[in-house]
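Examination of the molecular architecture
Next come the chains, spelled out residue by residue.
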Amino acid sequence: MPAGAGVLVNAGSRDGEAPAAEAACVRTGRAGLQVGTAAVLGAGVMGAQIAAHLANAGVETLLFDLPEAGDPRGLARRAIAGLPAIDPPPLAKGEFAGRIRPCGYDTDASLLRDCDLLIEAVAERLDLKIGLLRRIAPSVGPQTVLATNTSGLSIEAMADALPGPLRARFCGIHFFNPPRYMRLVELIPCGSTDNALLEAIETFLVTRLGKGVIRARDTPNFIGNRIGIAALAMSVHHADRYGLRPDLADALGGARIGRPKSATFRTIDIVGLDTYAHVLEGPSTLLAGDPWVGYFTVAPWMRGLIRNGALGQKTGRGIYRKAGDAIEVYDHGSGEYVRGGAQPAAEVETILRMADPWERLAALRACPHPQARYLWSILRDGLHYAAVHLAGIADGAREVDLAMRWGFGWRHGPFESWQQAGWRRLARLIDEDIAAGKTLARVPLPGWVHEIEEVHNAAGSWSPTSHRYLPRSTLRVYARQPYFERLCGEAAPPCAKIFENASACLWRAHDDVAVLSFRTRLNVINTEVLESMLRAVDLAEREFAGLVIWQSAPPFSAGADLKEFNAVMRTQGLPGVEAILRSFQGATRRLRYARVPTVAAVRDLVLGGACEVMMHCARTVACMESRIGLVETGVGVLPAAGGCKEMARRAASIGRGREPLEELTRIFGRITTARRSGSAEQARDFGYLRETDVIIMNPEELLHVAVAQARALAEAGYHSPCHAPIPVSGRDGMRRLNEDMQQALASGRMTEHDACIGLRVALALTGGQIEPDTPVAEDTLLDIERQGFLELLQHPRTQARIHHTLTTGEALRN
């Protein structure tokens, strides 16, 4: 059959129906569900942001909602207009709002027939969702997949409201908020959902939308919210029990135990106290048999805040509020806001710094301090809860652990944390506390806990229902993730190393492409990394079809090793720093002129020297969520590994056909303000990525796509670019940039030292006081970069910026 015909095999049917015949009209192919147009029903906070993320992925999206002020598309129109004001931005690029079309149910229902995917995202009430699904069902086309974005309501109850043939194409697709940034999506079938269709949807979500997909069972709150909301409720309960103020509980229960910095109470403020109350208590009737259900109630003091309109971040006050430059916290003992910032007791801090997980947990359990008792209680009760409910909510432990990593920002899921501490001995401690009546629920740990030694191992992850270790999904899309995010205990994929040192490793991807990965903190670029780059290019030219630079964990790189520069400046002076600069320039030039294709596979931070490395590669494959920029001016220097030179080249190329100095002015502004992109798409607008560079959505697919790009370039007969001079704007450019600097100084947008740095940047971009459009050799521009860097490095204000950054991690503007 032709690609996209998509015959789907039925998972099951009811009432004598044949869902497979209906599902066969759905457009699928090798890349999964083929979505050209989608519709989102409901333009609230989630609906509008789901529409925005579909737009980020290039999907033309219809956003439906009710009329407003006589405009049948009014609410949808207002939601789209409000997207730029949301923080963090839901759109990867502001112009993508043009991919979203406002629609009204009364005027535009006929447009639903041509949609490939339809996502219901109205308020979290079963009656509202069922009413809307019944209303739009007659307008749904035979090729349309219909989904609900419910965070925990019954998928089966909604399916029962649909016509029989449509049930095969219905499921839950639960995005987490904010949809652009949260990796987790839960995929929940109803009893009639077509299995092959689910696989096509999963493939679409993984590759096209960049998500981590977890298959969940149709149980209240599914997986992520079932475990995560319970963890929040337990933390609130135990904080009250041990008399801990919210700011102290958050200081204890956040990053120090591998959870987000927002921890418990700050998280509740962010999502909204009213929303938290609804999510916590809404499913309580469905969870009547849950032994912990008595704790899923909102604390009386929190109800008082809700009654008073103190709903959290969205109302400017909740559990926390800002008072001038200070953050205050609500002290429910006194009923007043007090200055926040409480920190753990010294003895508890000492325990939390213990490196061994078992020793840390055992010490918390043994310590009588209320803060230690609080931490042991929330960790123990969370593990107890997850173990009791695992068999009912998920196929195995993998789903729970990944859901908590991807949906709640935990460093490790509950089961892998348990395994790190020692499975059997930690189970024994929990058993003892259950027997002593210290746990919130008096139910024993399930039998499977005592039957295994570990929950994750080389064979897979434990499934209580299957009573075996289940391997990872064999769905074809996951072949694109050969080096996937591993859980504690999972086997590392094989890696054929070519060479390695303390800072980098060169290894073989398949047979014909070499991969260079850094090993430094934040993957910064030191002299050993530079030497490894040169060696890697030499080997790639002799033995491989191409070279990929890729990191096994984010970021791609935070740039040059500032500590090394500072140390060399102290011990060897300017000659030592100049030697490093020459090495850096030599390495980037070697990447550009290699005889085999060099490909940078980037995500997360790509800053300073890392951006310069990327720009010199023949091709870049960038994850959409990449923050890219030449940010060296933030520490008082200028890009000096060829970054200014390459931007001069790109300005000359991009500027053709425009006002010649427009592009140069924009580039200068971004470099002198150390501006980084908010996405890979924006980095392309900034000139850091070229039109030929590739942007993908899923960071786990970076290596797969980068290797494919290297191979494709090699197969096409790749040859390195010619050594050609770069036409620069000369004195015209210098005059224009000087005018911009004078205006910025006069308005206070630049300091005197900013202008001092800007002058060196301008020289490197324009070539200085020479004739406009003069072709200048690359070496000349590199010399200007290097000279400007060394001059600035001697300036006391640059030295102050470097010291401040190394000391605080923050930039200093002086």
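Throughout this description, residue numbers start from 1 for each chain and increase along the sequence as written. Given that the model is predicted, a residue must reach a pLDDT of at least 70 before its local features are reported, and side-chain atom pairs must reach 80 or more before they are shown or counted; all residues, however, enter totals for whole chains, interfaces and linings. Water and hydrogen atoms play no part in the side-chain values, which are based on all heavy atoms of the structure.

Here's the deal with the pattern of salt bridges
Stated precisely, the cut-off is as follows: Definition used for salt bridges: Asp or Glu carboxyl oxygen within 4 Å of a side-chain nitrogen of Lys or Arg. Helix and strand assignments follow DSSP, with helices taken as H or I runs no shorter than four residues and strands as E runs no shorter than two, numbered in order from the N terminus. For every residue, the accessible area (1.4 Å probe, protein chains only) is compared with the maximum for its type, and the residue is labelled buried under 20%, exposed over 50%, or partly exposed between those bounds.
The full count for this structure, using the stated rule, is 53 salt bridges. Close ionic contact of E490 with R472 constitutes a salt bridge, the shortest N to O distance being 2.8 Å. Taken together, the positions of E490 in the loop between β16 (468-470) and β17 (496-500) and R472 in the loop between β16 and β17 put the pair 18 residues apart, joining distant regions of the chain. What makes E490 buried here is its relative accessible area of 8%. Among the ionic pairs, K645 bridges to E646, the shortest N-O distance being 2.9 Å. For the pair K645 and E646, a shared accessibility class is recorded, and that class is buried.

What to know about empty space enclosed by the protein
Rules: Think of a 1 Å grid over the protein atoms and nothing else: a 1.4 Å probe that fits but is trapped marks a cavity, an open set flanked by protein within 12 Å on at least five of seven lines marks a pocket, and residues with an atom within 4 Å of a point count as lining. Grid points are joined across faces, edges and corners, and a volume is the space filled by probe spheres set on the points. Under the scheme applied, nonpolar residues are Ala, Val, Leu, Ile, Met, Phe, Trp, Tyr, Cys and Pro; charged residues are Asp, Glu, Lys and Arg; polar residues are all the others, including Gly.
Throughout the structure, instances matching the rule amount to two cavities of 30 Å³ or more. The space that makes up the largest cavity amounts to roughly 60 Å³. For the largest cavity, the full set of lining residues is N221, N225, R226, I229, A230, V279, L280, P283, L287, F296 and Y385. Looking at the lining of the largest cavity, the elements with two or more residues in it are α8 (224-241) and α11 (273-281). Of the residues that constitute the lining of the largest cavity, the class distribution is eight nonpolar, two polar and one charged. There is about 40 Å³ of room inside the second largest cavity. Surrounding the second largest cavity, W550, Q551, A553, P554, P555, F556, A601, V602, R603 and L702 form its lining. In terms of residue count, the dominant contributor to the lining of the second largest cavity is strand β21 (residues 598-607) (three residues). Looking at the lining of the second largest cavity, its residues break down into eight nonpolar, one polar and one charged.

Here we look at the packing of helix α19 (residues 527-543) against helix α20 (residues 562-592)
For clarity, the cut-off: Note on geometry: axes are lines fitted to C-alpha atoms, helical ones only across the stretch in contact, with angles between N-to-C directions running from 0 to 180 degrees. The scheme is simple: roughly parallel for angles under 35 degrees, roughly antiparallel for over 145, roughly perpendicular for 65 to 115, oblique for anything else. Handedness of a crossing follows from how the near helix is turned relative to the far one, being left-handed for an anticlockwise turn of less than a right angle and right-handed for a clockwise one. The contact criterion used throughout is that any non-hydrogen atoms of two residues lie within 4.5 Å.
Between α19 and α20, whose axes approach to 9 Å, the crossing angle comes to 20°. Taken as axis vectors, α19 and α20 run roughly parallel relative to one another. Crossing handedness for the pair α19 and α20: left-handed. Contacts from T527, L530, M533, L534, V537, D538 and E541 of α19 reach α20 at E564, I580, S583, F584, G586, A587, R590 and L591.

Topic: the layout of surface pockets
Computed from the structure, the second largest pocket encloses a volume of approximately 1,200 Å³. Around the second largest pocket, the lining is made up of 42 residues, and of these A558, A560, L562, V635 and T805 lie nearest the centre. Listing elements by their share of the lining of the second largest pocket, those giving two or more residues are α20, β21, α21 (609-616), α28 (778-793) and α29 (796-808). Sorting elements by how many residues they give to the lining of the second largest pocket places α20 first, with eight residues. Of the residues that constitute the lining of the second largest pocket, the class distribution is 23 nonpolar, eleven polar and eight charged.

Remarks on the environment of A97
Along the polypeptide, A97 turns up in the loop between α3 (74-81) and β5 (100-104). For the pair A97 and L581, spaced 484 residues apart in sequence, the C-alpha separation works out to 43 Å. What A97 contacts, discounting residues up to four positions off in sequence, is I80 and L91.

Comments concerning the packing of helix α14 (residues 357-366) against helix α15 (residues 370-393)
Running from amino to carboxyl end, α14 crosses α15 at an angle of 120°, the nearest separation of the two axes being 7 Å. Classed by the angle they form, the pair α14 and α15 counts as oblique. In terms of crossing hand, the pair formed by α14 and α15 is left-handed. Contacts between α14 and α15 involve L361, L364 and R365 on the former and, on the latter, A372, L375, W376 and L379.

Here's the deal with the pairing of strand β6 (residues 117-120)
Heads up, the condition is: A pair of strands counts as paired when DSSP detects no fewer than two bridges linking them. By definition, the crossover connecting two strands over a helix is right-handed if that path, from the first strand to the second, turns clockwise as seen with the strands pointing away from the viewer.
Side chains of β6 alternate between two faces, with L117 and I119 and L118 and E120 buried alike. By the bridge criterion, four bridges tie strand β3 (residues 37-41) to β6 in an arrangement that is parallel. Looking across to β6, one finds that V40 is bridged to I119. In this structure, β6 lies alongside strand β7 (residues 145-148), joined through four bridges in parallel fashion. For I119, the partnering residue across the bridge sits in β7 and is A147. Considered for its hand, the β-α-β crossover made up of β6, helix α5 (residues 126-136) and β7 is right-handed.

Here we look at unusual backbone geometry
With an omega dihedral of 0°, the bond running from D87 to P88 counts as a cis peptide bond. In this structure, P88 sits in the loop between α3 and β5. Residues N177 and P178 are joined by a peptide bond in cis, for which omega reads 0°. Within the secondary structure layout, P178 lies in the loop between β8 (170-175) and β9 (184-189). In the Ramachandran plot, F222 falls in the positive-phi region, its phi being about 55° despite a non-glycine side chain. Structurally, F222 is set in the loop between β10 (212-215) and α8. Under the relative-accessibility criterion, F222 is labelled buried at 0%. Positive phi values are uncommon outside glycine, yet A674 reaches one of about 55°. Structurally, A674 can be placed in the loop between α23 (662-672) and α24 (680-686).

Side note on the environment of L530
Position of L530 among the secondary structure elements: in helix α19. With a relative accessible area of 2%, L530 lands in the buried category. In sequence terms L530 and T588 are 58 residues apart; their C-alpha atoms lie 8.9 Å from each other. Once residues within four sequence positions are removed from consideration, L530 is found in contact with I525, I580, S583, F584 and A587.

Some thoughts on the nonpolar core
What counts is decided by this rule: In plain words, nonpolar cores are sets of buried Ala, Val, Leu, Ile, Met, Phe, Trp, Tyr and Cys residues tied together by side-chain atoms within 4.5 Å.
Counting residues in each nonpolar core, the largest one holds 125 residues, and the members touching the most others are L63, I173, L205, M533, M614 and Y688. Per-element accounting of this core gives the leading share, eight residues, to α20. M614 has contacts with A600, V602, V606, T620, I628, Y688 and L689, leaving out every residue within four places of it along the chain. Counting residues in each nonpolar core, the second largest holds 116 residues, with V298, W301, L426 and I430 among its members.

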